[in-house]
Structures are given as C-alpha cells and as structure tokens.
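If you want the building blocks of each chain, they are given just below.
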Amino acid sequence: MQGAYYAVMNDVTRARETFQALWNFYPDDIAYGLRLTHQQLLGGELDEARVTIDRLRALPPPADIDPRVDVVESDWFFRKAQYADALRVAGSGADKAKRRKSNQILAILTMTQARSATRLDQLAAGRRYAAEAEQLYKGLGDNGGVAEALLADAVILLTQGLPQEAEQRLEPALQTALQM
C-alpha cells in the first residue's frame, strides 16, 4: 500500500524504492516487478528497467508470457526510440491480451502500436491502431483512453498535412477529456 500511495502522490523515487524492496523480498511476484519497472520508466531509469524486464521474462510460466510484461517492455523500447521493437513487442502482447480477453491491456498495447507505427512513418497503420484503441477504450468506458486515441489520430492527420481533418478529431478529443 505504501508503494501505491507514493505512486499516486507522484513520488517516483519513493515508489521505486518501495517496489524495489518488495521485488527483492518477493522476486517471483510479477505484480511487484511490473510496478517497479513502471516506476523505473517514469523516473527515466531505463537501464535499471531493462534489468527488471529481463528478470520478469525469466520468471517461470505463466508469468514469463504475461502480456503486462509486454506493456512495460514495449514502453521501454519506445522510450529508447526503438520503435520497430516497440511495435513488435506490443503486437505480441496484444495477441496474448486478446487470448486472455483482457481489453484494458489490449487497449494500452494497441496505443503503443499506434504511436510506434506513427514514429516509423507507417501512418495508415498508426491510424488503424488508434481507431482500434479508441473503440476498445470506449467499450471500457475509459474517456482518458478515448481522448488519447483521438489525439493520436489527429497527430497523424497533421503529419499527413490534413489540418481540417485533424481538427475534426481534436474537437471530440477535447470534449471527451472534459467529461473525465
């Protein structure tokens, strides 16, 4: 609870320290490893996050194939500007999330696919992923996710030189964000 408190209070250092202690004491508890990795990523500790991700991948089944590990690993690749790897890992995780019927994880990974494809100049794929994520977030009732997907699509439209179409996506993104 202490780690969660620090995370909510945006005290990344204390949250990381707390989850590190828990992960050291319970090295087979995937939840602590995932929370630690998330805090390491937020704190810009990419080398440390990579070590934790590798430890998560070394856990025995079924933890080693948990799509939540793909969430943090694809985020790690994205932060390292290794967009092709981020797209690949997010795609693998999305497949796992679909099999588990985990739409929240699927939505997160689909947004990573959208952002990664966009950075790779695969704009049509980026728009497709953003639209898919938008629908997933709508189904979950997650207005923040819907707004994020609409914004991602607007950025792609701007990149394509379509400012009026981008504006048409930005307006509902703003309205959705205001409903939160």
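Up top you'll find the structure we're talking about.
Just so you know, the residues in each chain are numbered from 1, in the order the chain's sequence is written. pLDDT decides what is reported in this predicted model: residues at 70 or higher carry local features, side-chain atom pairs at 80 or more are listed and counted, and totals for whole chains, interfaces and linings draw on all residues regardless. Note that water and hydrogens are dropped before the side-chain values are worked out from all heavy atoms of the structure.

Enquirer: How should I be thinking about the overall build of the protein in this particular structure?
Expert: Numbered from the N terminus, helices here are DSSP runs of H or I no shorter than four residues, and strands are runs of E no shorter than two. Looking only at helices and strands, the protein has 10 helices and zero strands in total. Along the chain direction, N to C, the helices and strands of the protein fall in the order α-α-α-α-α-α-α-α-α-α. In terms of overall dimensions, the protein is globule-like: its C-alpha atoms have a radius of gyration of 17 Å, near the 16 Å expected for 180 residues. For the C-alpha atoms alone, the extent of the protein along its principal axes is close to 55 × 30 × 30 Å. The size measure is the radius of gyration over C-alpha atoms, and the globule rule it meets is 2.2 Å times the number of residues to the 0.38 power.

Enquirer: Can you walk me through the side chain of Lys96 in this structure?
Expert: You can see Lys96 is positioned in helix α6 (residues 83-100). Any pair of residues with heavy atoms lying within 4.5 Å of one another is described as a contacting pair. Setting aside chain neighbours within four positions, we find Lys96 in contact with Arg57, Ile65, Pro67 and Asp70.

Enquirer: I tried to follow unusual backbone geometry on my own but got confused; where do I start?
Expert: Negative phi values dominate among residues other than glycine, just as trans dominates among peptide bonds. In this model, Pro61 is joined to Pro62 through a cis peptide bond whose omega is 5°. Along the chain, the position of Pro62 falls in the loop between α4 (46-57) and α5 (67-79). For Ala81, which is not glycine, the phi torsion reads 60° and is therefore positive. Relative to the helices and strands, Ala81 resides in the loop between α5 and α6.

Enquirer: What is the right way to look at the pattern of salt bridges in this model?
Expert: Pairing of side chains with opposite charge becomes possible as their charged atoms draw close. By salt bridge we mean one thing: a side-chain nitrogen of Lys or Arg within 4 Å of a carboxyl oxygen of Asp or Glu. Inspection of every chain in the model, using the stated rule, returns 16 salt bridges. Across the pair Arg57 and Glu73 runs a salt bridge, and its minimum N-O distance is 2.5 Å. Taken as a pair, Arg57 in helix α4 and Glu73 in helix α5 lie far apart in primary sequence, 16 residues in all. Only protein chains enter the accessibility calculation, which uses a 1.4 Å probe; a residue whose area is less than 20% of its type maximum is buried, one above 50% is exposed, and one in between is partly exposed. Exposure remark for Arg57: the relative accessible area of 24% places this residue in the partly exposed category. Residue classification places Glu73 among the buried residues on the basis of a relative accessible area of 9%. A salt bridge links Asp70 to Lys96; the nearest nitrogen and oxygen atoms lie 2.8 Å apart. Of this pair, Asp70 sits in helix α5 while Lys96 sits in helix α6; the two residues are 26 residues apart in sequence, bridging distant segments of the chain. For the residue pair Asp70 and Lys96, the accessibility class agrees, reading buried in each case.

Enquirer: Just to check I follow, could you spell out the environment of Ala58 for this structure?
Expert: Inspection of the secondary structure puts Ala58 in the loop between α4 and α5. Among the residues examined, Ala58 registers a relative accessible area of 64% and is labelled exposed. Considering only alpha carbons, one finds Ala58 and Asp28, 30 residues apart in sequence, at a separation of 9.7 Å.

Enquirer: Would you mind going over the packing of aromatic side chains with me for this structure?
Expert: Two aromatic rings, taken as a pair, are described by how far apart their centres are and by the angle between their planes. Centres within 6.5 Å make a pair out of two Phe, Tyr or Trp rings, where for Trp the six-membered ring is used; the pair is then stacked when the planes are under 30 degrees apart, edge-to-face when over 60, and tilted otherwise. Following the criterion strictly, the structure yields four aromatic pairs and no others. Seen from their ring centres, Tyr26 and Tyr32 are 5.9 Å apart, and the 40° between their planes marks the pair as tilted. Over the ring of Trp76 we find Arg50, and its NZ or CZ is 4.7 Å from the ring centre. Comment: the charge-over-ring label is applied if NZ (Lys) or CZ (Arg) is within 6 Å of the ring centre and within 35 degrees of the ring normal. The ring centre of Tyr129 lies 4.9 Å from the NZ or CZ of Arg128, which sits over that ring.

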